[in-house]
Amino acid sequence: RKSGEPYISHPLNVAHIIADMELDLASLLTALLHDTVEDTNVTLGDIEEMFGGEISQCVDGVTKIAKIAFTSYEEQQSENYRKLILAMSKDIRVVLVKLADRLHNMRTLQYMPKEKQQRIARETMEIYAPLAHRLGIYTVKTELEDLCFMYLKPKKCEALEQQIKVAEVELKQYDEEVVVILERLMKEAGLGINSSLLVKGRTKGLWSIYNKMKRQGIELDDVHDVIGFRIILEDVASCYQALGVVHANFKPVPGRIKDLIALPKPNGYQSLHTTVIGPRGKRVEIQIRTKEMDEVAESGIAAHWIYKQGGGGRSSKDSNQFAWLRQLVDDVVQQSDPKEVLQSVKEDLFAKEVLVFSPTGELYPLARGSSVLDFAYKVHSDLGGHCTGAKVNGRIASIRYLLQNGDVVHIMTSKTQTPKREWLKHVRTSKAKSRIRAWLKRHQKENSVIMGKKQIEEGLEKYSKGDDAGKKEYQRKLDHLLTTFKLRDENHLFTALGYGQVSLKNVMTEIFGSAAITTVNNDRSDSATRNDRDSQVLKNKSQSVLSDLPSSNSNGIVVGRERNILLSFCRNCSPLRGDNIKGVITKGKGIKVHRTGCKYLSESDDTLVVDVTWDKSVKNVNLRPVQLQVICSDSPGVLADMSRAITSLGMNIGNVSVKKIKNGRGLARFEVMLGNLDELDKLIVQLGQEEGVISVSRR
């Protein structure tokens, strides 16, 4: 390894982490073998022969996809995530080993180059820490976040660590004082008499404290719950009794009481939460739960696995508590675009939730900002596709209504209702978006098949003068047509004709020969047929004319195999070399290039969307304006420092604007001229390390 240690140290350390989770022998073996297929000549067949199919499948789930040529790092990562998620849906131990693997890699990240440190830490913060959170593995989630914090914002991390060290003695004294008081109160109330009581304090993770300070615009001295306290009791009834005891002795803070025993989180987490005004007038956050709930809170799904293996009766609950995993698998299977796969994974793992109820009282967690339409698709795709609105808390609401916690939603439907393209503007969740797009694409394909079949029939009638000889000739040459146009079957031929990807004239020429086509065209006009296909004419004309338009390939774009194509770039998403891109055929302006996540691309007619790629043979491409949004402290000199950071990388600032926002912060927008994604990554890292910078994002 780059640390100088023998490579065996890594799988051994991963196995130690798995052992700490108290998982089974198969998990330990997977941990020890997880890199063998990727880094040695050992095959999955060898592992299956030596250790059995169960171990082989787990190792395969953890192994990255390495033998396929991907067009970008993003595409490769999205496929790795897809594989991991599908594997963990079959055996949850796969993701537990993957998290242990990532945790040890983060612990030894100091030996990697700085740019790789940043990339791995960002990926961990965006995917693996939220995944650990979703799985309820608090200890792994907290350590991953704190390690990422150390690499992504080293100055801020070090400063906060020093501040906490200064206050360490006082925090420890306060911790001990509160624990003694809570233990006394519980025993006086007759709770925990048979040694079933445990009261403990725990300092929150650095990243959690930093986030709270950033979110509320406060300093460490104003964070009143740096230490959280837990009261662990024998049973649920004792937990509710303990909550009453706490509130009888300390004044509760309004709006800070949560009953997560009656309404557990989707990952199975259960606890009573309250915040009270404690000793010395300080706010104290207290969590009350049973021992079993505490183990689930610490180890999450790993604890569920242990209980399931030990006959603890947990397996009956798994289907409800980890329904989000089935949803995530379903969403990932539906996505084909790498950008959408990544977005779907991040959304399902990271999004804050709103909890709503069906009329029968079923609880549905949705991403915050979800609409009635999102809820309908969450319940069932058919319900979403036929949704016309809803009754929310007994009142009529449109499909655009944004759901609030506690809403009771009754979906109204109509058999004649079908998905519309504008629905994409009113949904938040990846499931709703993917179902709407899939329906639109399928519907357009069906229409294209009908249109293509009609064109064939009209063409045969026209060029064979109405007799059956033309139909027989078409059937005889069908295989030749499919080979010539590289199509799978007759339906694909109809679809290609309907979309305008293949012209009817070329098909007829292959059947009857160019001489026969020319003769008929001299005798009969084809204008009536063309006028019946307005949308297809646009695409056919665009495709036939584009290659004749004057253009320079300094933008480095390839359309099919053509390089000299008239191009323009979407100003909204401003694609950079390295982005995943698509093209849209426009009237008179050639092809407009979009990033795959661009909202204008998703609203475009699918029949006009074409595949485009970056031309690897072009080394020097035109610089493009990229919009960056920076949240920063509203302090003197911050803007100047950010500007210097940009120009120090040799980059030009095209435009800049600044405005004040709440909590003593500023919002700065920079337009910077860049050539590729590598330059953008360097710029984001550079800006993120400046004092006073809170977050940097591409608009």
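Here the structure is a predicted model, which means the values were calculated and not measured. For every chain, the first residue of the written sequence is number 1, and numbering continues from 1 along that sequence. Local features in this predicted model are restricted to residues whose pLDDT is 70 or higher, and side-chain atom pairs enter the listing and the counts only when it is 80 or higher, whereas totals over whole chains, interfaces and linings include all residues. Side-chain measures were taken over the full set of non-hydrogen atoms in the model, leaving aside hydrogen atoms and water.

A short note on helix H10 (residues 154-166)
By definition, any uninterrupted DSSP run of H or I lasting at least four residues is a helix, any uninterrupted run of E lasting at least two residues is a strand, and each is numbered from the N terminus. The span expected for a helix works out to 1.5 Å for each residue beyond the first. Here H10 spans 18 Å end to end across 13 residues, near enough to the 18 Å set by a 1.5 Å rise per residue. Burial classes: relative accessible area under 20% of the type maximum marks a residue as buried, over 50% as exposed, and values in between as partly exposed (1.4 Å probe, protein chains only). Buried residues of H10: Lys156, Cys157, Leu160 and Ile164, and no others. One face of H10 carries all of its buried residues, which in axial projection span an arc of 100°. Facing away from the buried side of H10, by more than 90 degrees, are the exposed residues Lys155, Glu158 and Val166. Within this analysis, the arc is defined by the directions that extend from the helix axis to the C-beta atoms.

Structural notes on the packing of aromatic side chains
Paired rings are identified among Phe, Tyr and Trp, the last through its six-membered ring, by centres lying within 6.5 Å, and are further divided according to the angle between planes into stacked (under 30 degrees), edge-to-face (over 60) and tilted (the rest). If you walk through the whole model with that rule in mind, you get five aromatic pairs. Summarising the aromatic geometry, the rings of phenylalanine 569 and tryptophan 614 are spaced 6.5 Å apart at their centres and angled 15° between planes, so their arrangement reads as stacked. Here phenylalanine 569, found in strand E13 (residues 567-569), pairs with tryptophan 614, found in strand E16 (residues 609-614); they are 45 residues apart in sequence, far enough to count as distant. Taken individually, phenylalanine 569 and tryptophan 614 each receive the classification buried, so the pair is uniform in this respect. What links up through ring pairs into an aromatic cluster is the set Phe149, Trp207 and Tyr210. Geometry around tyrosine 138 places arginine 230 over its ring, the cationic atom sitting 5.7 Å from the centre. By definition here, charges over rings are those cases where NZ of Lys or CZ of Arg is within 6 Å of the ring centre and within 35 degrees of the ring normal. Directly above the aromatic system of tyrosine 174 lies the positively charged group of lysine 282, at a separation of 5.0 Å from the ring centroid.

A look at the pattern of salt bridges
We define a salt bridge as a side-chain nitrogen of Lys or Arg found within 4 Å of a carboxyl oxygen belonging to Asp or Glu. Tallied over the entire structure, the rule returns 20 salt bridges. Note that arginine 184 is salt-bridged to glutamate 188, the shortest N-O span being 3.3 Å. You can see arginine 184 and its partner glutamate 188 sitting in helix H11 (residues 168-188), four residues apart, about one turn around the helix. The partly exposed category is assigned to arginine 184, whose relative accessible area is 43%. Salt-bridge contacts for arginine 230 lead to aspartate 294; the nearest nitrogen and oxygen are separated by 3.7 Å. Taken together, the positions of arginine 230 in strand E2 (residues 227-233) and aspartate 294 in helix H14 (residues 291-299) put the pair 64 residues apart, joining distant regions of the chain. The same class applies to arginine 230 as to aspartate 294, namely buried. Overlapping salt bridges bring together Lys200, Arg230, Arg289 and Asp294 as one network.

What about the confidence of the model for the protein?
Averaged over all residues, the pLDDT of the protein is 79; the fraction at 70 or higher stands at 79%. What pLDDT expresses is the predictor's confidence in each residue, scored from 0 to 100. Between two residues, a contact is recorded if the distance between any of their heavy atoms is within 4.5 Å. Confidence drops under pLDDT 50 across residues 65-71; counting only partners more than four residues distant or on other chains, this segment forms nine contacts. When the criterion is pLDDT under 50, residues 306-320 qualifies, and its contacts beyond four places in sequence or with other chains add up to 17 contacts.

Considerations on the packing of helix H5 (residues 53-62) against helix H7 (residues 93-107)
Angles run from 0 to 180 degrees between N-to-C directions of axes, and those axes are lines fitted to C-alpha atoms, restricted for helices to the stretch in contact. Direction vectors running N to C along H5 and H7 enclose 50°, while the axes themselves pass 9 Å from each other. Judged on the interaxial angle alone, H7 and H5 are oblique. H7 is crossed by H5, and the crossing has right-handed handedness. Residues Glu54, Cys58, Gly61 and Val62 of H5 form the contact with H7, whose participating residues are Arg93, Val94, Val97 and Lys98. Taken together, the residues of the contact of H5 with H7 sort by class into four nonpolar, one polar and three charged. The scheme is simple: roughly parallel for angles under 35 degrees, roughly antiparallel for over 145, roughly perpendicular for 65 to 115, oblique for anything else. Take the far helix as the reference: if the near one is turned anticlockwise from it by less than a right angle, the crossing is left-handed, and if turned clockwise, right-handed. Amino acid classes used here: Ala, Val, Leu, Ile, Met, Phe, Trp, Tyr, Cys and Pro are nonpolar; Asp, Glu, Lys and Arg are charged; the rest, including Gly, are polar.

Things to note about the packing of helix H30 (residues 638-647) against helix H31 (residues 677-688)
For the pair H30 and H31, the least separation of the axes is 9 Å and the interaxial angle reads 150°. By crossing handedness, the relation of H30 to H31 is classed as right-handed. The residues of H31 that touch H30, namely those facing Met642, Ala645 and Ile646, are Leu683, Gln686 and Leu687. Of the residues in the contact of H30 with H31, the class split is five nonpolar, one polar and no charged.

Here we look at the nonpolar core
Core analysis: the largest hydrophobic core is formed by 51 residues, its most contacted members being Met106, Leu144 and Leu160. Beyond its immediate sequence surroundings of up to four residues, leucine 144 is in contact with Leu99, Arg102, Leu103, Met106, Thr124, Tyr128 and Ala129. Here, the term nonpolar core denotes a set of buried Ala, Val, Leu, Ile, Met, Phe, Trp, Tyr and Cys residues that are joined through side-chain atoms within 4.5 Å. If you look at the next biggest cluster of nonpolar residues, it comprises 27 residues, including Leu182, Met186, Val199 and Ala242.

Digging into the side chain of threonine 36
Assignment of secondary structure puts threonine 36 in helix H3 (residues 36-39). In this structure threonine 36 comes out as buried when scored by relative accessible area, which is 17%. Other than its neighbours up to four places away in sequence, threonine 36 contacts Val42 and Ile47.

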